[in-house]
Amino acid sequence: VASHVSVWAYAPFVQVFSLGDPRSGATSTTVTPGDSAVGVRVGLFQNTPWVVSAGLTLRVPIARAEPVATVFSSDPPHAEIGALRVGSGVFDAGAEVSLGRSLGGSWYTAATVGGMFRTGGYDPTVQWSAEVGNRFSPRVAARVRLYGTHAIPVGDAPRVSSPSGIGSGTSYTGFGLEGEYR
């Protein structure tokens, strides 16, 4: 958009969830679109090798908000312990600050901390990530990322447990290997 300003959109047209049922041993698969998001990121400070930026996000509920499958415990008697959700059904607005540093050559590291403010009585969350990556060429990059989101229990919507991480009161930590081709 302008120097040090970028606008982005995230539209997961296809998400695939496979969920095992320990009662029968069967696996069910759900294919669905996900909730979309748009955002803006502004570079606040750049002094080689450091960079600081801030961002705003608006998440839009597109995917189905109702549970699409029941989750059962793997331990007998296989009690119901949650439900797979593919959409939240609420709008979310987030803000974050990121700090990055060049490690020399095409390697870098970055860390982000922020919050997501949720409508519909959902608990707001604190979110964080840390990553190390490399731009192998102008078109190809890869990174290792740790990510966490942690609910602050102040909302009045029912709290749910979902393996997708979608719902009010859900907290989780994840790990990812990501590839990028431009």
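This report concerns the structure included in the present document. (Residues numbered from 1 in each chain as written. Predicted model: local features only at pLDDT ≥ 70, side-chain atom pairs only at ≥ 80, totals over all residues. Heavy atoms only, no water.)

## Side note on the overall build of the protein chain
Phase 1: Across its full length, the protein chain carries 0 helices and 12 strands.
Phase 2: Across the protein chain, helices and strands are ordered from the amino to the carboxyl terminus as β-β-β-β-β-β-β-β-β-β-β-β.
Phase 3: Based on the C-alpha atoms only, the size of the protein chain along its principal axes is roughly 60 × 35 × 25 Å.
Phase 4: Buried positions account for 34% of the 182 residues belonging to the protein chain.
Phase 5: Surface summary for the protein chain: the accessible area is close to 10,600 Å², and the carbon and sulfur share equals 62%.
Phase 6: Of the charged side chains in the protein chain, 13 are positive and 12 negative; the average position of the first set lies 9 Å away from that of the second. (Helix = DSSP H or I, 4+ residues; strand = E, 2+ residues; numbered from the N terminus. Buried < 20%, exposed > 50% of the residue type's maximum accessible area, 1.4 Å probe, protein only. Areas by Shrake-Rupley, 256 points an atom, 1.4 Å probe, with all protein chains shown as cover. Lys, Arg positive; Asp, Glu negative; His and termini not counted. Charge placed at Lys NZ, Arg CZ, Asp CG, Glu CD.)

## Some remarks on the pattern of salt bridges
Phase 1: All told, the structure shown has 13 salt bridges when counted by the stated rule.
Phase 2: A salt bridge links D123 to R159, with the nearest nitrogen and oxygen atoms 2.8 Å apart. Within this pair, whereas D123 is found in the loop between β9 (107-118) and β10 (125-135), its partner R159 is found in the loop between β11 (140-151) and β12 (172-181), the two being separated by 36 residues in sequence.
Phase 3: Here E131 makes a salt bridge to R143, at a shortest N to O gap of 3.6 Å. Here the residue E131 occupies a position in strand β10, and R143 occupies one in strand β11, the gap between them amounting to 12 residues. (Salt bridge = Lys/Arg side-chain N within 4 Å of Asp/Glu carboxyl O.)

## Here we look at a nonpolar patch on the surface
Phase 1: A cluster of nonpolar side chains, namely V42, L44, F45, W50 and L99, defines an oily patch on the protein surface of about 460 Å² accessible area.
Phase 2: If one sorts the elements of the nonpolar patch by residue count, strand β4 (residues 36-47) sits on top with 3 residues.
Phase 3: Here V42 shows up in strand β4.
Phase 4: Looking at V42, the relative accessible area reads 33%, which means it is partly exposed. (Patch = residues over 30% accessible without salt bridge, like charges linked within 9 Å, V, L, I, M, F, W, Y side chains within 5 Å.)

## Structural notes on the environment of T109
Phase 1: For T109, the position within the fold is in strand β9.
Phase 2: Taking the C-alpha atoms as reference, T109 lies 4.4 Å from V132; in sequence the two are 23 residues apart.
Phase 3: Not counting residues within four places of it along the chain, the set of residues in contact with T109 comprises L99, G100, R101, L103, E131 and V132.
Phase 4: Of the polar contacts made by the side chain of T109, one reaches the backbone oxygen of E131; its length is 3.0 Å. (Contact = heavy atoms within 4.5 Å. Polar contact = N/O pair within 3.5 Å; in protein donor to acceptor, adjacent residues only side chain to side chain.)

## Concerning the packing of aromatic side chains
Phase 1: If you walk through the whole model with that rule in mind, you get 1 aromatic pair.
Phase 2: Measuring from centroid to centroid gives 6.2 Å for Y147 and Y172, while their planes differ by 40°, and the two rings are tilted. Pair noted here: Y147 is in strand β11 and Y172 is in strand β12, with a separation of 25 residues, a long-range link.
Phase 3: Given a relative accessible area of 27%, Y147 falls into the partly exposed group. (Phe/Tyr/Trp six-rings, centres within 6.5 Å; stacked < 30°, edge-to-face > 60°.)

## Considering the nonpolar core
Phase 1: By size, the foremost hydrophobic cluster in this structure holds 7 residues: F17, L19, A63, A69, V71, L84 and V86.
Phase 2: Looking at this core, the elements with two or more residues in it are β2 (15-20) and β6 (69-72).
Phase 3: Leave out the neighbours within four places in its chain, and V71 touches L19, A79, E80, I81, G82, A83, L84 and P163. (Core = buried A, V, L, I, M, F, W, Y, C linked by side-chain atoms within 4.5 Å.)

Without other data, these values stay purely geometric and don't point to any function.
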